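Here's the letter readout for the chains.
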Amino acid sequence: MNQQADLGDWSPWEFERNGQKLMKLIRGHFEQIRNIPITTHISPQELMNLLDKPLPEKPVPFEVTLNETWNKVIPHLTHWNHPSFHAYFSNSASFPGILADLLISALNVNAMVWKSAPAASALETIVLRWLAEMIGYNHEADGVLVNGASLATFYALVAARDSLSDLNVRTKGLTGHFVPRLRLYTSDQAHSSVDKAAISLGIGTDNVVRLPTDESYRLIPTKLEEAICLDLENGYRPMAVVATVGTTATGAVDPISSISEICKKYGIWLHIDAAYGGFWYLVPEVKENAEDLQLGDSIVVNPHKCLYTPLEVTALFCRQKGVLANSFRLIPEYLNTQKEDGSVDYMDYTLQLGRSFRSLKIWWVIQSFGREGLANRLGESIRLTRWLTKEISAHPNFVCAASSPFALVCLRYVPQTIRTIWQKAAPEKQRVLSEYLNRLNDELLRQLNQSGTAYASHAVIRGRYVIRISIGNIHTTFEDIKSLWNKLQELGPRVGVSMSSPTIDG
Ligand SMILES: Cc1ncc(COP(=O)(O)O)c(C=O)c1O
């Protein structure tokens, strides 16, 4: 009889009581968020020692778990929701999105087929249409929500490969019969997920043609056409071009319209990675940089990168209806359900079978802010970025190394003394100075992140180490950006003094 105590779950009442405790702690976390360290400096070994313990045989009271979480886990995270977190693409989870994630778990439905979660599939269809409208894509297109842009790009490229119907890869595979060398074209700035897709597709990284970019880090269409022609002469088979709207390092935008013309001319699939850039179409000041997205045969946009929706959620669209199902539909008997008009079985569109109710969190975010509210919030990030970019450009000891049309700026600390020496220096000396500046900026970033005032990440563009500031957090204010800028100005000279610099003759 005693065993009964070990069965079952909390009662709904206990759930509510514990939930209220958690909510109170989360409220405190957000009220205090500017006072908590953005990141931790604990070593992996120390952290493991702090957290590791034997597998619990008996129940641990929830209060203890909460205490441990708040005292040992949360202090040793890097806080992406911190308003001064500007690393990578600094997304943030908004409150409606956070609450939706709770409800998604509470309902725990599986949106694999329409019948297994009808309203979840219906909402997925609706939010996909809304998202397509928000980026100017054909809202009649096939779409599906997946966990991230990397997998979305992989799925799109599977569809691209299978659109080469004479190869019949889906049935025959890639080996044991003649398949020409399949080629993918993208810029030297495109995300590594393109190479990962090539690896997983069996195409191989040698067949990812990385094309040079112009002075603004955009793919050069003439180079693309030259590469395609050369490959055709050599008997290779162009499979797809991946263009980017909002590259990872500098937020650059490839010339989609010219690329699309080339793709049409040679009958090549165009995939657009607009994981970061797509939703800027909502903001009138920068909209022109995210136009032409409808020219993609497929496109990926990330609500978890730009639309205040908690990880993990990405939307993939394919213009031609049926192409995803053509690649991924495979129905074992136990999943054979009666089809009704208007129903969609989202398991048919990707590799994933069990699927969470991702659409709910996008639905709640869009309902809570509206298209206009989202556009205003994104617009504020643009205004903050423009202010910072102007300050950097006007400062004698900083340079704006690359500015995106979107809310991202890459900067470098370049003391004027070094700039003066540089101008007179021979190439070999310039190389030494460049290496010094790279180390200087690496150290500046390290000290910025150590300071706790703000947290940023880096990129290396054409050999130059730059500090990347991405502004995308829903809670970030002008004061936050001002204090980041003040900190950089304070730390720059200090780091300069601490690192001996090459002299004109040294
Ligand atoms: C341009 C671009 N595409 C794709 C990705 C991959 O996104 P995800 O993390 O959703 O797979 C990233 C990640 O930063 C990115 O910057």
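Numbering of residues starts from 1 in every chain and runs along the sequence as written. The predicted origin of the model limits local features to residues at a pLDDT of at least 70 and limits the giving and counting of side-chain atom pairs to 80 or more, whereas totals for whole chains, interfaces and linings rest on all residues. The side-chain numbers reported here are obtained from all heavy atoms of the structure, hydrogens and water having been left aside.

Under an unreviewed UniProt entry, the name given to the protein chain is Aromatic-L-amino-acid decarboxylase, and the source organism is Lihuaxuella thermophila. UniProt positions are given in the numbering used here, feature names are shortened, and annotations may be inferred rather than shown by experiment. Within the UniProt record for the protein chain, the comment given under Sequence similarities (unreviewed entry) is "Belongs to the group II decarboxylase family."

K.L.:
Now, about helix α8 (residues 193-201): what can you tell me, with residues and values included?
P.N.:
Each residue is assigned to one of three classes by its accessible area relative to the maximum for its type, calculated with a 1.4 Å probe on protein chains only: buried under 20%, partly exposed between the two thresholds, exposed over 50%. Strands are runs of DSSP state E lasting at least 2 residues, helices are runs of H or I lasting at least 4, and numbering of each runs from the N terminus. Among the residues of α8, Ser193, Val194, Asp195, Ala197, Ala198 and Leu201 are the ones counted as buried. Residue contacts are defined here by distance: any two heavy atoms, one from each residue, within 4.5 Å place the two residues in contact. Close packing links the buried residues of α8 with α6 (149-162), β2 (182-187), β3 (208-211) and β4 (237-244). A positive phi of about 80 degrees marks glycine 202, the residue just after α8.

K.L.:
Tell me about the sheet that holds β3, and name the residues and values.
P.N.:
Whether two strands pair comes down to DSSP finding at least two bridges between them. Taken in spatial order, the 7 strands of this open sheet run β1-β7-β6-β5-β4-β2-β3, and their pairing is mixed. Of all strands in the sheet, those with a lone pairing partner are β1 (142-146) and β3, marking the two edges. Strand-to-strand twist of the sheet, defined as the mean angle between neighbouring strand axes without regard to direction, takes the value 20 degrees. As defined by bridge partners, β1 adjoins strand β7 (residues 314-318) across 5 bridges and the pair is classed as antiparallel. Residue pairing for β7: leucine 145 is matched across the bridge by alanine 315. A fitted line through C-alpha atoms serves as each axis, taken over the contacting stretch for helices, and the angle formed by two N-to-C directions is quoted from 0 to 180°. The strands that helix α5 (residues 118-134) touches are β1 and β7; relative to β1, the one it contacts most, it runs at about 105 degrees. Together, β4 and β5 (269-273) form the strand contacts of helix α10 (residues 256-266), whose direction differs from that of β5 by roughly 155 degrees.

K.L.:
Break down the pairing of strand β10 (residues 457-461) for me, citing the residues and quoting the values.
P.N.:
With burial as the criterion, only one face of β10 is covered, namely that bearing Ser457, Ala459 and Ile461; the residues His458 and Val460 on the opposite face remain uncovered. Relative to strand β11 (residues 464-470), β10 runs antiparallel, the two sharing 5 bridges. In the strand pairing of β11, valine 460 is matched with tyrosine 465. Hairpin remark: β10 followed by β11, antiparallel, with 2 residues in the connecting loop; positive phi at arginine 462, about 45 degrees.

K.L.:
Tell me what's going on with the UniProt feature "modified residue: N6-(pyridoxal phosphate)lysine" (unreviewed entry) in the protein chain, and back it up with residues and numbers.
P.N.:
UniProt annotation of "modified residue: N6-(pyridoxal phosphate)lysine" (unreviewed entry) refers to Lys305 when read in the numbering used here. Here lysine 305 is to be found in helix α11 (residues 303-306). When its relative accessible area of 25% is taken as the criterion, lysine 305 is described as partly exposed. Apart from the residues lying within four places of it in its own chain, the contact partners of lysine 305 are Phe89, Asn91, Ala275 and Tyr276.

K.L.:
Account for the environment of alanine 120, naming residues and giving values.
P.N.:
Take alanine 120: it is sitting in helix α5. In the structure, alanine 120 is positioned 236 residues away from serine 356 in sequence and 8.8 Å away in space, judged by C-alpha atoms. With near-sequence residues (within four places) excluded, alanine 120 lies in contact with Val109, Ala111, Phe357 and Ser359.

K.L.:
Give a detailed account of the side chain of asparagine 207, specifying residues and quantitative values.
P.N.:
Note on placement: asparagine 207 falls in the loop between α8 and β3. Residues adjacent in sequence count toward polar contacts only when both atoms are side-chain atoms; beyond that, a polar contact is any pair of N or O atoms within 3.5 Å, and within protein one must be able to donate a hydrogen and the other to accept it. Within the local environment of asparagine 207, its side chain forms a polar contact with the backbone oxygen of isoleucine 203, the two atoms lying 2.9 Å apart.

K.L.:
Provide a residue-level description of the site of the ligand, including the pertinent values.
P.N.:
Any residue with a heavy atom lying within 4 Å of a molecule or strand is counted as near it. The immediate surroundings of the ligand are formed by 13 residues, with Ala149, Ser150, Thr248, Asp273 and Asn302 found nearest. Residue aspartate 273 places a side-chain N or O atom 2.6 Å away from a nitrogen atom belonging to the ligand. Within the side chain of lysine 305, an N or O atom sits 3.3 Å from an oxygen atom of the ligand. Using a 1.4 Å probe, accessible areas were evaluated by the Shrake-Rupley method; residue-level cover was limited to the displayed protein chains. Burial of the ligand by the protein chains amounts to 82% of its free accessible area of 390 Å². Cavity means a closed set of points on a 1 Å grid over the protein atoms alone, one where a 1.4 Å probe fits but cannot get out, pocket means an open set with protein on both sides within 12 Å along at least 5 of 7 lines, and lining means a residue has an atom within 4 Å of a point. To decide whether a molecule occupies a pocket or cavity, check its atoms: if more than half lie within 2 Å of the grid points, it is inside. Most atoms of the ligand, that is more than half of them, are within 2 Å of grid points of the second largest pocket. Those elements that place two or more of their residues in the shell around the ligand are α6 and α11. Class assignment for the residues of the shell around the ligand results in 3 nonpolar, 8 polar and 2 charged. In this classification, the charged set is Asp, Glu, Lys and Arg, the nonpolar set is Ala, Val, Leu, Ile, Met, Phe, Trp, Tyr, Cys and Pro, and all remaining amino acids, among them Gly, are polar.

K.L.:
Lay out unusual backbone geometry with the relevant residues and their values.
P.N.:
Residue glutamate 312 is reached from leucine 311 by a cis peptide bond, and omega for that bond is 0 degrees. Position of glutamate 312 relative to the elements: it lies in the loop between α11 and β7. Despite not being glycine, tyrosine 88 shows a phi value in the positive range, around 50 degrees. Of note, tyrosine 88 is situated in the loop between α3 (62-73) and α4 (95-107). Assessed through its relative accessible area of 44%, tyrosine 88 is described here as partly exposed. Even without glycine at this site, asparagine 108 takes up a positive phi of about 50 degrees. Overall, asparagine 108 belongs to the exposed group, its relative accessible area being 63%.

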